[in-house]
Amino acid sequence: MRWTPGQGYLWKPAPQADGYSTLDRDLECDVAILGTGPGGAAAARTLADLGLRVVLLEEGPPEERFRPNQGAVMRYHMQEGGGMVATGRALMPIAAGRGVGGGTLINSAIAWRCPDTVLDSWSDLLGDMRYSAANMRPVYDWLWEYLGIWDTLPAVAGENSELVIRGAKVAGYPGGYLARYTPRCVGCGTCYYGCPTGGKASTNHNFLAEAATNGARIQADTVVEDFLYTGDRVVGLVGRMKHPDTREPGGKVTVRAAKVIVAAGGIGTPRFLAGTRLDLGPAVGVGLHTHPGNAVFGVCKHEVNWWKGATQGAYFHVPGLPGVLPHTSSLPPEVALLSLAGQGVAAPEAMKLLPHLAGLLVMISDHSSGTVGRWPDGRAKLQYDFSDEDVARIKAGMVASAEVLLAGGAEWLFCPVAGVGRVDTAAALEAGLADRTIRDFTLYASHPMSTCRMGHDPVTSVIRPDGRSHRYEGLYLSDSSIFPTSLGVNPSVTTMAMATLIAAGVARAG
Ligand SMILES: Cc1cc2nc3c(=O)[nH]c(=O)nc-3n(C[C@H](O)[C@H](O)[C@H](O)COP(=O)(O)OP(=O)(O)OC[C@H]3O[C@@H](n4cnc5c(N)ncnc54)[C@H](O)[C@@H]3O)c2cc1C
Ligand code: SF4
């Protein structure tokens, strides 16, 4: 369904959230929700709309703390200060957002519907039709309208995206402008730092604002540490406030609730569950997928100025490479300079090259998987094992990206893979990558998921298809940790859709 840009979406100023205090806080409600990203926020909106009293708890600060620099976003708006790294055959940083809005505060807001084939495979796997392509279609249609999703407009796309669209056409690959939930975007290219114009439909400007209008309360600056429970029934959450700047511990927060929804994210949920007194079974933290990938950079004769324009505005795909999705990605200038330094480019030359850089990020639907545990100090213990097949798919996506960048106007290419160096044809990149192992790659992932899967077997899943815990009454999960498999497309809108359905079920359950 297509919506006329500028019409039909909900956008409100971010709601006021409570922040740090040295005093304890005791709250009572019908449903307590841990996390304010797509999973927690969409659930809160549905429940508050239906008249339930909702309290959301969030570790990050109550208001957006955006500054145009990497250090500030890591400190305030990335989980674990942006320092989460999975170990295994290679080191892989995994990014996740933090704050009232969760990952949507710092993501690129790319919107995809989960492919029908994936949804229908879930129906088969779950023996349950609730997330079938046919049942999800109206929910996606509604989200497209509610969030103001439409294809990136040429007026804000920027040259990096235009170059990829041109190149994909010449190379004969299908592609185009990416759909995004950015109804008021002016194309400033700083989505990873947060949106300075309110152009992005992050969850604080829609779901959370609407939930707050209907009485929901948001308690930020609060790290949730454990459940309250009686026998096998969960009856609330407890946490501790932390000062957003100094991280000094503050008052204790206790929320008593008839029901609890955990939506702390693909890493946050198993990390939290591993630290509580309740045992939700052997499937907690198992089966981590991340949509890992790598980048290819092109150096053009003409100026690209990739920091101008939508952060990620275009994509293409190669019909023979299912589950491989290259899309544009602009880097902030200081991060781009670091990439060039990694290639041995000295600062004066790097400054000259900077305006001429273009870039594509290759993301794959991973068959590889990993685990999420918890170190004694509370950080996530992450492990991830790459299969040879997935490494080959990343390489193939990079070679196709090289073709597209060159066809779009790049003169030569480089990529953050040790030992490859500068190349000026796709064939040369392919040859350069051929004997490289995953250890040589500078990897990136920001879609942790599937770590507390839904299913029927309590040994291989944590919740039932309706979101309820196998083991405890009154406990639900509604975030990206619940996907039965990797999605293959950016996951936030599917998380919102599934959380909406789960929350409707929570309300119906009385
Ligand atoms: C840089 C970046 C770019 C991305 N780009 C896109 C994109 O363009 N399109 C897309 O679809 N997806 C994108 N993603 C992924 C997407 O944002 C996530 O998949 C999505 O936000 C996950 O939603 P969630 O509700 O599962 O968890 P999150 O959004 O991670 O929300 C979980 C919240 O819980 C809080 N929390 C965690 N533990 C605790 C605790 N113990 N106590 C209190 N609070 C806690 C966290 O602070 C966080 O706010 C991107 C992610 C990043 C980081
Ligand atoms: S490109 Fe700029 S204006 Fe557009 S959504 Fe991203 S941060 Fe906001």
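About the cut-offs
Residues numbered from 1 in each chain as written. Chains lettered and ligands numbered in written order. Predicted model: local features only at pLDDT ≥ 70, side-chain atom pairs only at ≥ 80, totals over all residues. Helix = DSSP H or I, 4+ residues; strand = E, 2+ residues; numbered from the N terminus. Rg over C-alpha atoms; globule rule 2.2 N^0.38 Å. Buried ≥ 20, exposed ≤ 12 C-beta atoms within 10 Å, placed from the backbone. Contact = placed C-beta atoms within 7 Å. Near = placed C-beta within 6 Å. Nonpolar A, V, L, I, M, F, W, Y, C, P; charged D, E, K, R; others polar. Core = buried A, V, L, I, M, F, W, Y, C linked by C-beta atoms within 7 Å. Domains from an automatic or database assignment. Expected span 1.5 Å × (residues − 1). Axes fitted to C-alpha atoms, helices over the stretch in contact; angles between N-to-C directions. Parallel < 35°, antiparallel > 145°, perpendicular 65-115°, else oblique. Left-handed = near helix turned anticlockwise from the far one by under 90°. Arc of directions from axis to C-beta. Pairing = 2+ DSSP bridges.

Student: For this particular structure, what's the right way to read the overall build of the protein?
Tutor: Broken down by element type, the protein carries 13 helices and 20 strands. The C-alpha atoms of the protein give 22 Å as radius of gyration, which agrees with the globular expectation for 510 residues (24 Å, within 12%). In terms of principal-axis extent, the alpha carbons of the protein reach across some 65 × 45 × 45 Å. With 510 residues in all, the protein has 57% of them scored as buried. Of the contacts formed within the protein by residues at least 6 apart in sequence, a portion of 75% connects residues at least 24 apart.

Student: Is there a simple way to explain the site of ligand 1 in this structure?
Tutor: In the region of ligand 1, 46 residues are neighbours, and Gly37, Gly102, Gly103, Gly265 and Gly268 sit closest. For the shell around ligand 1, the secondary-structure elements that each account for two or more residues are α1 (38-49), β9 (222-230), α8 (265-274) and α13 (492-508). Here the shell around ligand 1 gets four residues from one element, more than from any other, and that element is α8. Broken down by class, the residue content of the shell around ligand 1 amounts to 16 nonpolar, 26 polar and four charged.

Student: Help me understand the nonpolar core in this model?
Tutor: Side chains of nonpolar character tend, in soluble globular proteins, to be buried together. By size, the foremost hydrophobic cluster in this structure holds 167 residues, and its most contacted members are Ala44 and Val54. Counting only domains with at least three residues in this core, you end up with domain 1 (25-79 + 97-109 + 112-148 + 194-285 + 452-508) and domain 2 (154-180 + 290-440).

Student: How should the domain arrangement of the protein be read in this particular structure?
Tutor: Interfaces are frequently sized by the accessible area removed from exposure as the parts join. Domain parsing of the protein yields domain 1 (25-79 + 97-109 + 112-148 + 194-285 + 452-508) and domain 2 (154-180 + 290-440). Contacts between domain 1 and domain 2 engage 13 residues on the former and 17 residues on the latter. Counting residues per element, the side of domain 1 that touches domain 2 draws most heavily on α8, which supplies four residues. Taken together, the residues of the side of domain 1 that touches domain 2 sort by class into six nonpolar, six polar and one charged.

Student: How should the environment of leucine 382 be read in this particular structure?
Tutor: Relative to the helices and strands, leucine 382 resides in strand β18 (residues 380-385). When the C-alpha positions of leucine 382 and alanine 86 are compared, they lie 4.5 Å apart, and in sequence the two are 296 residues distant. Setting aside its immediate chain neighbours within four residues, leucine 382 contacts Met84, Val85, Ala86, Thr87, Ile94, Gly370 and Val372.

Student: Looking at this structure, how should I read α13?
Tutor: Residue pairs three or four apart in sequence face the same way in an α-helix, which turns once every 3.6 residues. Taking 1.5 Å as the rise per residue, α13 with 17 residues should run 24 Å; its terminal C-alpha atoms sit 24 Å apart, in good agreement. Glycine 510 sits one or two residues past α13 and shows a positive phi near 80 degrees.

Student: Can you walk me through the packing of helix α11 (residues 388-408) against helix α12 (residues 426-434) in this structure?
Tutor: Helices that pack against each other are described as a pair by the angle of their axes relative to one another and the distance between those axes. Put simply, α11 and α12 touch, their axes get as near as 8 Å, and they point 155 degrees apart. Relative to α12, the element α11 lies roughly antiparallel. Here the hand of the crossing between α11 and α12 comes out right-handed. The segment α11 lies against α12, with Lys395, Met398, Val399, Ala402, Glu403 and Leu406 engaging Ala426, Leu429, Glu430 and Leu433. Taken together, the residues of the contact of α11 with α12 sort by class into seven nonpolar, no polar and three charged.

Student: How should I be thinking about unusual backbone geometry in this particular structure?
Tutor: If a residue is not glycine, its phi is most likely negative; likewise, a peptide bond is most likely trans. Of note, the phi angle at histidine 291 is positive, near 55 degrees, even though the residue is not glycine. Topologically, histidine 291 is positioned in the loop between β12 (286-288) and β13 (293-300).

Student: Looking at this structure, I do not really get the environment of leucine 325. What am I missing?
Tutor: Note on placement: leucine 325 falls in strand β15 (residues 324-328). Along the sequence, leucine 325 and leucine 360 sit 35 residues apart, while their C-alpha atoms lie 9.9 Å from each other. Excluding residues that lie within four positions of it along the chain, leucine 325 makes contacts with Tyr315, His317, Met363 and Val489.

Student: Whenever I open this one, helix α2 (residues 70-77) confuses me. Can you help?
Tutor: For α2, the set of buried residues is Val73, Tyr76 and His77. Seen along its axis, α2 keeps its buried residues to an arc of 90 degrees; they face one direction.

Student: For this particular structure, what's the right way to read the environment of valine 164?
Tutor: Secondary-structure assignment places valine 164 in helix α6 (residues 159-171). Once the C-alpha coordinates of valine 164 and isoleucine 463 are considered, the two residues, 299 residues apart in sequence, prove to be 41 Å apart. Here valine 164 is in contact with Ala314, Phe316, Thr328, Leu360, Val404 and Gly408, once residues within four sequence places are set aside.

Student: What exactly am I supposed to notice about the sheet that holds β12 here?
Tutor: Sheet strands line up and pair through hydrogen bonds in the backbone, either parallel or antiparallel. Spatially, the five strands line up as an open sheet ordered β4-β3-β18-β17-β12, and their pairing is mixed. A strand with exactly one partner marks an edge of an open sheet, and here the two such strands are β4 (92-93) and β12. Two strands pair when backbone bridges link them, and strand β3 (residues 85-88) and β18 are joined in this way by two bridges, in the parallel orientation. Residue pairing for β18: threonine 87 is matched across the bridge by glutamine 383.

Student: In this structure, what is going on with the packing of α1 against α13? I would like to understand it.
Tutor: Put simply, α1 and α13 touch, their axes get as near as 7 Å, and they point 40 degrees apart. Considered as vectors, α1 and α13 are oriented oblique to each other. Between α1 and α13 lies a crossing of right-handed hand. Side by side, α1 and α13 meet where Pro38, Gly39, Ala42, Ala43, Thr46 and Leu47 of the first sit next to Ser492, Thr495, Met496, Ala499, Thr500, Ile502, Ala503, Ala504, Val506 and Ala507 of the second.

Student: Help me out: how do you make sense of the pairing of strand β2 (residues 54-57) in this one?
Tutor: Along any regular strand the residues' side chains alternate between the sheet's two faces. The alternating pattern of β2 places Val54 and Leu56 and Val55 and Leu57 on opposite faces, both of which are buried. As judged from the four bridges shared by strand β1 (residues 25-34) and β2, these two strands associate in the parallel manner. Paired with leucine 34 across the strands is leucine 57, a residue of β2. For β2 and strand β8 (residues 217-219), the ladder comprises three bridges, and the chain directions are parallel. Within β8, the residue paired with leucine 56 across the bridge is isoleucine 218.

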